[in-house]
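A look at the structure
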Amino acid sequence: MIPRIGIELTTRHIPGIKDPFTQPYEWHILCEVTSSRSADRLEDVLTESLAAAFETNLALDAVVAQSDRERQALWKIRETIPEAQRIDGQA
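In this report, we go over the structure that sits alongside the text. (Residues numbered from 1 in each chain as written. Predicted model: local features only at pLDDT ≥ 70, side-chain atom pairs only at ≥ 80, totals over all residues. Heavy atoms only, no water.)

If you tally the helices and strands in the protein chain, you get 4 helices and 2 strands. Here the protein chain holds 91 residues, and the buried ones make up 20% of them. When contacts within the protein chain are restricted to residue pairs at least 6 apart in sequence, those whose partners lie at least 24 apart make up 64%. For the protein chain, the computed accessible surface area is about 6900 Å², with 51% contributed by carbon and sulfur atoms. Treating the 10 positive side-chain charges of the protein chain as one cloud and the 15 negative ones as another, the clouds have centres 6 Å apart. (Helix = DSSP H or I, 4+ residues; strand = E, 2+ residues; numbered from the N terminus. Buried < 20%, exposed > 50% of the residue type's maximum accessible area, 1.4 Å probe, protein only. Contact = heavy atoms within 4.5 Å. Areas by Shrake-Rupley, 256 points an atom, 1.4 Å probe, with all protein chains shown as cover. Lys, Arg positive; Asp, Glu negative; His and termini not counted. Charge placed at Lys NZ, Arg CZ, Asp CG, Glu CD.)

Next comes the structure, spelled out in structure tokens:
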């Protein structure tokens with residue numbers, strides 16, 4: 001779970017970080033799914049799970065990485081929050 005302040009700090013202090021959403025949300029979940037089975041089936045399970053989350057208002061929006069570069073960019077947000085907090089504390 002990533003609070004909104006985590007996104008704001010990283011986009012403010014870490015070069016190259018961009019907010020992956022077009023509007024701000026109070027909380028974000030960063031989740032990576034993998035499987036030893038077919039990637040197509042895994043994509044189906046993810047699509048079905050997100051659809052159910054939207055239908056029940058458990059989720060309001062989603063960003064799904066379409067490449068390894070996009071996946072790394074999402075994880076960079078999470079991984080650089082402590083650095084952004086340190087920089088912000090010095091300001």
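Let's shift gears to the pattern of salt bridges. The final tally for this structure, using the stated rule, is 6 salt bridges. Where Arg71 meets Glu32, a salt bridge forms, and the shortest distance between an N and an O atom there is 3.7 Å. Residue Arg71 is found in helix H3 (residues 68–79), and its partner Glu32 is found in the loop between strand S2 (27–28) and helix H2 (39–55); the two are separated by 39 residues along the sequence. By relative accessible area, which is 39% here, Glu32 ends up partly exposed. The residue Glu48 makes a salt bridge to Arg41 at a minimum N-O spacing of 3.9 Å. Residue classification places Glu48 among the partly exposed positions, given a relative accessible area of 48%. (Salt bridge = Lys/Arg side-chain N within 4 Å of Asp/Glu carboxyl O.)

This part takes up the packing of helix H1 (residues 4–13) against helix H4 (residues 81–90). Contact pair H1 / H4: the axes reach a minimum separation of 9 Å and the direction vectors enclose 70°. Regarding the angle of H1 to H4, the classification is roughly perpendicular. Residue-level contacts link Gly6, Leu9, Thr10, Arg12 and His13 of H1 to Ile81, Ala84, Gln85, Ile87 and Asp88 of H4. (Axes fitted to C-alpha atoms, helices over the stretch in contact; angles between N-to-C directions. Parallel < 35°, antiparallel > 145°, perpendicular 65-115°, else oblique.)

In this section: unusual backbone geometry. Look at Asn57: it is not a glycine, yet its phi comes out positive at around 60°. Relative to the helices and strands, Asn57 is located in the loop between H2 and H3.

Now for the environment of Ala52. With respect to the helices and strands, the residue Ala52 is situated in helix H2. When its relative accessible area of 38% is taken as the criterion, Ala52 is described as partly exposed. Taking the C-alpha atoms as reference, Ala52 lies 22 Å from Arg37; in sequence the two are 15 residues apart.

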